[in-house]
Each structure stands twice: as structure tokens, then as C-alpha cells.
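Here's the letter readout for the chains.
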Amino acid sequence: QVQLVESGGGLVQAGGSLRLSCAASGRTFSFYPMGWFRQAPGKEREFVAAITRSGVSTYYADSVKGRFTVSRDNAKNTVYLQMNSLKPEDTAVYSCAAGRSPTYTGQSQADFAFWGQGTQVTVSS
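The sections below set out a description of the structure shown in this document. What you are looking at is a predicted structure, and each value in this text was computed from that prediction instead of being measured.

Thresholds applied
- Residues numbered from 1 in each chain as written.
- Predicted model: local features only at pLDDT ≥ 70, side-chain atom pairs only at ≥ 80, totals over all residues.
- Heavy atoms only, no water.
- Disulfide = S-S within 2.5 Å.
- Helix = DSSP H or I, 4+ residues; strand = E, 2+ residues; numbered from the N terminus.
- Phe/Tyr/Trp six-rings, centres within 6.5 Å; stacked < 30°, edge-to-face > 60°.
- Buried < 20%, exposed > 50% of the residue type's maximum accessible area, 1.4 Å probe, protein only.
- Pairing = 2+ DSSP bridges.
- Axes fitted to C-alpha atoms, helices over the stretch in contact; angles between N-to-C directions.
- Polar contact = N/O pair within 3.5 Å; in protein donor to acceptor, adjacent residues only side chain to side chain.
- Contact = heavy atoms within 4.5 Å.
- Lys, Arg positive; Asp, Glu negative; His and termini not counted.
- Salt bridge = Lys/Arg side-chain N within 4 Å of Asp/Glu carboxyl O.
- Core = buried A, V, L, I, M, F, W, Y, C linked by side-chain atoms within 4.5 Å.

## Brief notes about the state of the cysteines
Phase 1 of the analysis: Evaluated as defined, the whole model comprises one disulfide.
Phase 2 of the analysis: With a sulfur-sulfur separation of 2.0 Å, Cys22 is cross-linked through a disulfide to Cys96. Between Cys22 and Cys96, the S-S torsion sits near 55°, and that sign places the bridge as right-handed. Here Cys22, found in strand S3 (residues 18-25), pairs with Cys96, found in strand S9 (residues 92-99); they are 74 residues apart in sequence, far enough to count as distant.

Now the structure itself:
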């Protein structure tokens, strides 16, 4: 089992920045890839970004590429999502997730076994 707790969400104006954090406990954090997903009102949850267990490789949805950066600090059992140039369409509940296996297998929700409760990000125009 692994417990994930997100923080850092809030209200920001378009063009602004936020950094989300996801603290993990209960399982060897560094053994598994981590992902970020988001769900806007009335929409399905979608992939945002992911990072392999070493942090060497990162993956992004086309909609956030060039604006968001995923990183991790294995010594602190924490993964981050730096969000710059935010747009109103980025408004959603953002959740982190821990990979189902040590090898990164993809950006499907089924590739991730454990989920946090989420943190709200609201971008005003």
C-alpha cells in the first residue's frame, strides 16, 4: 500500500504559476514511476504528466507540454508538478498516482495503482 497526499493547489490568474506537491508514504517511493492526472467538471480524468522512478524520463500530455514540468525528489518521497503559463482550461482537480510496476508502462489510468485525493486548481481569466 502507498498513501499519497497532494498539496499546493489554489486560485491563480491566467498566466500565473503554481507548484503542486505529492508526498508519498507506505511503499518504497523510488521504486515506482509517478504520474499526475486531472479531472475538470463534467469531464473524464485525463493524463497530465509522468516521471520514471529514476527521474531520467518524463512524459507530458500535448496540452501541457512546454508549460508544465514534473520532477521528483526520492530522498523526500515527493513528486512535483510545476505549472507555468496557466490557462482557464487548466482548471481541474489534480491527482497524483503511483505506478503499478517499477517499469513505466504508459499513461493510462490502469498503469497506476494508487491515487491521492486530489487538489483543486482554479485558473481565472
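## Points about the packing of aromatic side chains
Phase 1 of the analysis: One pass over the structure, following the stated rule, counts five aromatic pairs.
Phase 2 of the analysis: Summarising the aromatic geometry, the rings of Tyr59 and Tyr104 are spaced 4.2 Å apart at their centres and angled 10° between planes, so their arrangement reads as stacked. Of this pair, Tyr59 sits in strand S6 (residues 58-60) while Tyr104 sits in the loop between S9 and strand S10 (112-115), and the two are 45 residues apart along the sequence.
Phase 3 of the analysis: For Tyr59, a relative accessible area of 32% corresponds to the partly exposed category.

## Digging into the sheet that holds S3
Pairing between the strands of a sheet comes from backbone hydrogen bonds, and it takes one of two forms, parallel or antiparallel.
Phase 1 of the analysis: A sheet is described by the order of its strands in space; here four strands give the open sequence S1-S3-S8-S7, paired in antiparallel fashion. Edge strands, defined here as strands with exactly one partner in the open sheet, are strand S1 (3-7) and strand S7 (68-73). Pairs of neighbouring strands in the sheet enclose a mean axial angle of 15°, with direction left out of account.
Phase 2 of the analysis: Here S3 pairs with strand S8 (residues 78-83) via six bridges, running antiparallel. Residue pairing for S8: Arg19 is matched across the bridge by Gln82.

## Section: the side chain of Arg38
Phase 1 of the analysis: Along the polypeptide, Arg38 turns up in strand S4 (residues 34-39).
Phase 2 of the analysis: Residue classification places Arg38 among the buried positions, given a relative accessible area of 6%.
Phase 3 of the analysis: A polar contact is formed between the side chain of Arg38 and the side chain of Ser63, at a distance of 3.5 Å.
Phase 4 of the analysis: Look past the residues within four positions of Arg38 in its chain and what remains in contact with it is Glu44, Arg45, Glu46, Val48, Ser63, Val64, Phe68, Glu89, Asp90, Ala92, Val93 and Tyr94.

## Comments concerning the environment of Arg100
Phase 1 of the analysis: Positionally, Arg100 belongs in the loop between S9 and S10.
Phase 2 of the analysis: Separated by 68 residues in sequence, Arg100 and Tyr32 place their C-alpha atoms 7.5 Å apart.
Phase 3 of the analysis: Ignoring any residue separated from it by four or fewer positions in sequence, one finds Arg100 in contact with Tyr32, Ala110, Asp111, Phe112 and Ala113.
Phase 4 of the analysis: Within the local environment of Arg100, its side chain forms a polar contact with the backbone oxygen of Ala110, the two atoms lying 2.9 Å apart.

## As for the side chain of Asp111
Phase 1 of the analysis: When you line up the elements, Asp111 lands in the loop between S9 and S10.
Phase 2 of the analysis: Of the buried charged residues, Asp111 lacks a salt bridge, with Arg100 as the closest side chain of opposite charge at 6.6 Å.
Phase 3 of the analysis: Separated by 2.8 Å, the side chains of Asp111 and Thr105 make a polar contact.

## A short note on the nonpolar core
Phase 1 of the analysis: Core analysis: the largest hydrophobic core is formed by 36 residues, its most contacted members being Leu4, Trp36, Leu81, Met83 and Tyr94.
Phase 2 of the analysis: For this core, the elements supplying multiple residues, two or more each, are S3, S4, strand S5 (46-51), S7, S8, S9, S10 and strand S11 (119-124).

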